[in-house]
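Report on the structure
This is what each chain is made of:
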Amino acid sequence: MTDLLRPAADWELKSMLAQIGEQNAAVEIIGAGTKRAIGHPVQAPAIISTASLRGITLYEPTELVMGARAGTPISQIEVELASRGQMLPFEPLDFGPALAAPAGMQTIGAVFATNNSGSRRISAGSARDHLIGLRGVNGRAEIFKSGGRVMKNVTGYDVARGLTGSWGTLAVMTEVTFKVAPLPDDIATLVYAGLPEDLAVELMSLAMGTPFEVSGTVHLPAKHAARIMTPQIGSRNTPLTALRIENFMKSVRYRKGRLIEALKACGQPVELDLEASLGFWGEMRRMAFAPHSDDILWRVSTSPRKAPELVATLRRHMPVEATYDWSGGLIWLEIPDCADAGAADVRRAAAIAGGHATLIRAREAVRREVDVFQPQAPALERLSRGLKQVFDPQGILNPGRMYQAM
Amino acid sequence: MSSIALPQPDTAIVDRRDAIVKDLIAIAGPGAVIADEDGRRAYETDAFTAYKCMPLAVVLPDSTDCVAKVLSYCQRQGIKVVPRGAGTSLCGGALPAEDAIVIGVSKMNKVLEIDTVARIARVEAGITNLAISGAAGATGFFYAPDPSSQLACTLAGNIAMNSGGAHCLKYGVTTNNVLGVKLVTIDGSIVEIGGAHLDAEGYDLMALIIGSEGQLGIVTEATVRILPQAEGARPMLIGFESTAKASICVSRIIASGIVPVAIEFMDRPAIEVCEAFAKAGYPLDVDALLIVEVEGSDEEIADRLGYIAGLAQELGPSSVIISADEAQSAKIWKGRKSAFGAIGRKADYLCMDGTIPLSQLTYVLEEISNICRRYGLGVANVFHAGDGNLHPLIMYDANDARQSERAEQAGADILRLCVSVGGCLTGEHGVGIEKRDLMRVQFSETDLMQQMRIKSLFDPAWLLNPAKVFPLDGRPEFAARPAEPSIAAE
């Protein structure tokens, strides 16, 4: 039986970690646990959840800054932000539905610990770009802080940002402070139907090269598009390529017109209004295109220039359904269940194109065997191991979660 | 000025100078090594000119391999290294030491690739900030971070200091715009981190390297994001009779849901000097002036500036002037960007760089003038109001030792004030030697130790950019402690 510990204060977490360290034991670190199915299963006699470290500690709408304890659900944060006409600009994804975990539960700490960014990353930056400070406890059971509550801060090393994407393997965040942004007055989405992948990526890149501040670019293959429910475009068996424009109303109208004109070689798009746009991009955030199933799901980060070629290469080895976000720089690959998750081929394709692949969904037996995060070049791996030593020399935090034997 | 302590040089190294120079010439070639006194003098200081020190020698490598060989040699010989871009640091970040060599990256300044599909530029790190936008400009793209020294400063220096600029309110600072680096560590290893893709794999080492003030390694190449140029941009000037009203105006603009590309603030002394210099049409009868810039098409700009003017009107501004044309816009920005230089013609100054929460602006500006008055010194304020990054310029006479000392003390008091209201010591200039001894005002011993362990991971013997960032006391013992995990120990 695994112990579930729920510290309610920094000092309580500190004493728990100190005790675990003294016992030379290990601990799995979670928020709400919605992303536990990503990564190697952690073998540890105890789990620490940050869920009791809860509450918004700072909100200054006039400074576009919010602070919250790590276990605060982002649903609570987004409600609070919306009440003042603001939002999390990096639009974190909700992996729940894709991983058979509950939707809408993830915590703000986990968003930063996994550097979870959605479609607006392409224009607004990622979760890590928005983090400006944190408090936490490292694997040495030391309470520390980094950064602060101001937007611009280069005092000392950027430890806070350095901990984003470390999946609880270096330190446990207890409080995070981050930048927020105003909600746009209006949103429009242009949806082009039936484009092949290479043209779709070209279209998205062209759109990103205009001055119209396109804030979302995705391409769904027919099979994934068929899972989208938004009226006007939903449940149609054809590939869809969507571009989002957000700003004040007059500007959205103007930019939409200019964009359609600039891209007219690609045909006439379907136009989604504010409400339909919220619906469609909401479905993208919940990963409605890849609902939970036995299929394997990979997340590949690469240069948009190389993306269609990377997918074409893989198709020679396996059936692939590919949804492209970030104008092609982020690819969600859905492939049929198999014992090695197609890892060797996916990783080779990513390495050739430049970039990396993360296994997001697979049966536990598969995740136990396959490297979930991209194996690193020796020089980089030495630094990663060193960094783990710096923060968690005994290796008590989430052992093996990111890399085997680390 | 001499109140910032610098460590005694290692005489064993200084005495071997001739042999070291000979070795460096053998490694890097005679054309890459500057050993004569006149040549070295050009490197004895940076833009924090109160402190000077002649380096042992200067090496200007032309390739990553050469940097790797020189660093590896320095590690074997225990020779300290001061990395240098263009030497525009305002905090002594590039100040040499007598027992250290300077490695300058200025010869590595080529553009390697501009890719408008991936929207990246791959460049050698010695390229100047403005040259990246210059190279990308032909395709309609630009590199966003724009420090005032962008004509001279290098990307390598920007990466070391995580530099900002006037337009980072909208576009972010250096760390938000760099996707990949090629880093040479002190043991001569070449590490590739990130690339043309938007998120680097594994731990976010890039976050640690950017802003580490050259203490973790030397960046020789980088992949940066480039963005499409806006259709147009136009600033407006809003003058107020009080700084309080100006800061309320800034808050109201941001709370209204508009994030302009820039909101700059000048107080009366700064306005007077900059207007005399740039003839930008700044109003001279106001105590506080905001420069607010928005981007878009002509109609979008007119709409947004009109909206902002409406917000400002509610506060009874002394003047609202919307730039009429390109020429006026250029003058408005010329005045702002040359503020430091223009004030420098009037007096010597120390430029502070603390950041504060915007809600504290009025209080902090009042306190800054009180502090400077207490020390009998003048002060001008010109800074990035949108993100609370202050730049009080403390004016003094550098030939008067007592005034110099008082200026440093006033600066320290101002930075303590910034931290006490929830801000930080430095928003974009870096710690260098200037703010090194104030680090404990902002950080606990544990916080600092956490950072110093990272330093030891990359550079176990603490050879890179010594005597910067961390207080001198409390670290020699730490630096000497053997075998914290090190990349050198394979």
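Residues numbered from 1 in each chain as written. Chains lettered and ligands numbered in written order. Predicted model: local features only at pLDDT ≥ 70, side-chain atom pairs only at ≥ 80, totals over all residues.

**Things to note about the overall build of chain A**
Scanning chain A from terminus to terminus reveals 14 helices and 18 strands. For 406 residues, the compact-globule estimate of 2.2 N^0.38 gives 22 Å, and the C-alpha radius of gyration of chain A, at 21 Å, lies within 12% of that figure. In terms of overall dimensions, chain A has C-alpha extents of about 65 × 50 × 35 Å along its principal axes. Burial status across chain A gives 59% buried among its 406 residues. Long-range pairs, those at least 24 residues apart, make up 73% of the contacts in chain A with a sequence separation of at least 6. (Helix = DSSP H or I, 4+ residues; strand = E, 2+ residues; numbered from the N terminus. Rg over C-alpha atoms; globule rule 2.2 N^0.38 Å. Buried ≥ 20, exposed ≤ 12 C-beta atoms within 10 Å, placed from the backbone. Contact = placed C-beta atoms within 7 Å.)

**Considering the overall build of chain B**
If you tally the helices and strands in chain B, you get 18 helices and 18 strands. Taking 23 Å as the expected radius of gyration for a compact globule of 490 residues, we find that chain B reaches 23 Å, a close match to that expectation. Looking at the 490 residues of chain B, the share that counts as buried comes to 59%. Put simply, of all contacts in chain B between residues at least 6 apart along the chain, 73% involve residues at least 24 apart.

**A closer look at the packing of helix α10 (residues 268-278) of chain B against helix α13 (residues 339-346) of chain B**
Residue and element names in this part refer to chain B. Close contact between α10 and α13 brings their axes to 9 Å; oriented N to C, the two are set at 95 degrees. Our classification of the angle between α10 and α13 gives roughly perpendicular. For the pair α10 and α13, contact is made by A270, V273, C274 and F277 and by A339, A342, I343 and K346, respectively. (Axes fitted to C-alpha atoms, helices over the stretch in contact; angles between N-to-C directions. Parallel < 35°, antiparallel > 145°, perpendicular 65-115°, else oblique.)

**Here we look at the sheet that holds strand β6 (residues 120-124) of chain B**
Backbone hydrogen bonds are what pair the strands of a sheet, in a parallel or an antiparallel way. Residues and elements named next belong to chain B. In spatial order, the strands read β5-β6-β10-β8-β9; together these five strands make up an open sheet with antiparallel pairing. Only two strands of the sheet have a single neighbouring strand rather than two, namely β5 (111-115) and β9 (190-194). Averaged over all adjacent pairs, the angle separating strand axes in this sheet is 10 degrees, with direction ignored. In this structure, strand β8 (residues 178-184) lies alongside strand β10 (residues 218-225), joined through six bridges in antiparallel fashion. Among the inter-strand pairings, K182 is bridged to a residue of β10, identified as E221. Contacting β5, β6 and β10, helix α5 (residues 129-137) crosses the sheet at an angle of about 130 degrees to β6. (Pairing = 2+ DSSP bridges.)

**Concerning helix α15 (residues 401-420) of chain B**
Residues and elements named next belong to chain B. Taking 1.5 Å per residue as the helical rise, α15 with its 20 residues ought to reach 28 Å, and the 29 Å between its terminal C-alpha atoms agrees with that figure. Where α15 is concerned, the buried positions are A407, E408, A410, G411, I414, L415, L417 and C418. Of the surrounding secondary structure, the elements contacted by the buried residues of α15 are β16 (348-351), α14 (361-374) and β18 (392-396). Directly after α15, the chain includes G422, whose backbone phi takes a positive value near 100 degrees. (Expected span 1.5 Å × (residues − 1).)

**Description of the domain arrangement of chain A**
Residue and element names in this part refer to chain A. By the assigned domains, chain A splits into domain 1 (1-183 + 376-406), domain 2 (186-285) and domain 3 (296-369). Taking only C-alpha atoms, the centre of domain 1 and the centre of domain 2 are 32 Å apart. Counting residues at the interface gives nine residues for domain 1 and ten residues for domain 2. Here the residues of the side of domain 1 that touches domain 2 are counted per class, giving three nonpolar, three polar and three charged. (Domains from an automatic or database assignment. Nonpolar A, V, L, I, M, F, W, Y, C, P; charged D, E, K, R; others polar.)

**Considering the sheet that holds strand β1 (residues 33-34) of chain B**
Residue and element names in this part refer to chain B. Taken together, the four strands give an open sheet; going across it, the order is β1-β2-β4-β3, and neighbouring strands pair in mixed fashion. On the outer flanks of this sheet lie β1 and β3 (80-84), each paired with one strand and no other. Direction of pairing for β3 relative to strand β4 (residues 100-104): parallel, over a ladder of five bridges. For P83, the partnering residue across the bridge sits in β4 and is I103. Sheet contacts for helix α2 (residues 17-28): β1 and β2 (57-59); angle to β2, the most-contacted strand, approximately 10 degrees.

**Topic: the domain arrangement of chain B**
You can read the domains of chain B as domain 1 (11-104), domain 2 (111-228), domain 3 (233-339), domain 4 (347-439) and domain 5 (444-480). Each partner contributes residues to the interface: domain 2 of chain B has eight residues there, and domain 4 of chain B has ten residues.

**Topic: the interface of chain B and chain A**
With 78 residues of chain B at the interface, the matching set in chain A holds 68 residues. At the level of secondary structure, the elements contributing two or more residues to the side of chain B that touches chain A comprise β9, α8 (205-209), α9 (243-255), α11 (298-313), α16 (439-442) and α17 (445-458) of chain B. When residues of the side of chain B that touches chain A are assigned to their parent elements, the largest contribution, seven residues, is made by α17(B). Residue classes in the side of chain B that touches chain A are distributed as 32 nonpolar, 31 polar and 15 charged.

**Some remarks on the packing of α9(B) against α11(B)**
Residues and elements named next belong to chain B. Running from N to C, α9 and α11 point in directions that differ by 135 degrees, and their axes come no closer than 10 Å. With respect to α11, the element α9 is oriented oblique. Crossing handedness for the pair α9 and α11: right-handed. Within the contact between the two elements, α9 uses C249, R252 and I253 and α11 uses I308, L311 and A312. Considering only residue class, the contact of α9 with α11 consists of five nonpolar, no polar and one charged. (Left-handed = near helix turned anticlockwise from the far one by under 90°.)

**Notes on the pairing of β10(B)**
Residues and elements named next belong to chain B. With eight of eight residues buried, β10 is to be regarded as a mostly interior element. Where β6 meets β10, five bridges bridge the pair, whose relative direction is antiparallel. Bridge pairing links I120 to R225 in β10.

**Describing unusual backbone geometry**
With a phi angle near 60 degrees, A:A341 is a residue other than glycine that sits in the positive phi range. Within the secondary structure layout, A:A341 lies in the loop between β17 (330-335) and α12 (343-353).

**Focus on helix α12 (residues 326-337) of chain B**
Residue and element names in this part refer to chain B. Compared with the 16 Å implied by 1.5 Å per residue over twelve residues, the 16 Å span of α12 between its first and last C-alpha is a close match. Residues S329, I332, W333, G335, R336 and K337 constitute the buried set of α12. On the buried face of α12, the contacting elements are β12 (233-240), β13 (262-267), α10, β14 (288-295) and α13.

**Structural notes on the confidence of the model for chain B**
Residue and element names in this part refer to chain B. When pLDDT is averaged along chain B, the result is 93, and 97% of the positions lie at 70 or above. Segment residues 480-490: pLDDT under 50, and 23 contacts once partners within four positions in sequence are set aside and those in other chains are kept. With a pTM of 0.96, the predicted complex shows an ipTM of 0.97. (pLDDT = per-residue confidence, 0-100.)

**Considerations on the environment of B:C274**
Residues and elements named next belong to chain B. Locating C274 in the fold gives a position in helix α10. Along the backbone, C274 and E367 are 93 residues apart, and their C-alpha atoms lie at a distance of 23 Å. Those residues in contact with C274, other than ones at most four positions away along the chain, are M266, A280, Y282, G335, R336, A339 and A342.

**Quick look at the environment of B:D10**
Residues and elements named next belong to chain B. The topology assignment puts D10 in the segment before α1 (11-15). Residue D10 is classed as partly exposed on the basis of its C-beta count, with 17 C-beta atoms lying within 10 Å. Considering only alpha carbons, one finds D10 and D115, 105 residues apart in sequence, at a separation of 47 Å.

**A closer look at the environment of B:G257**
Assignment of secondary structure puts B:G257 in the loop between α9 and β13. When the 17 C-beta atoms within 10 Å are taken as the criterion, B:G257 is described as partly exposed. Not counting residues within four places of it along the chain, the set of residues in contact with B:G257 comprises A:G85 and A:P182.

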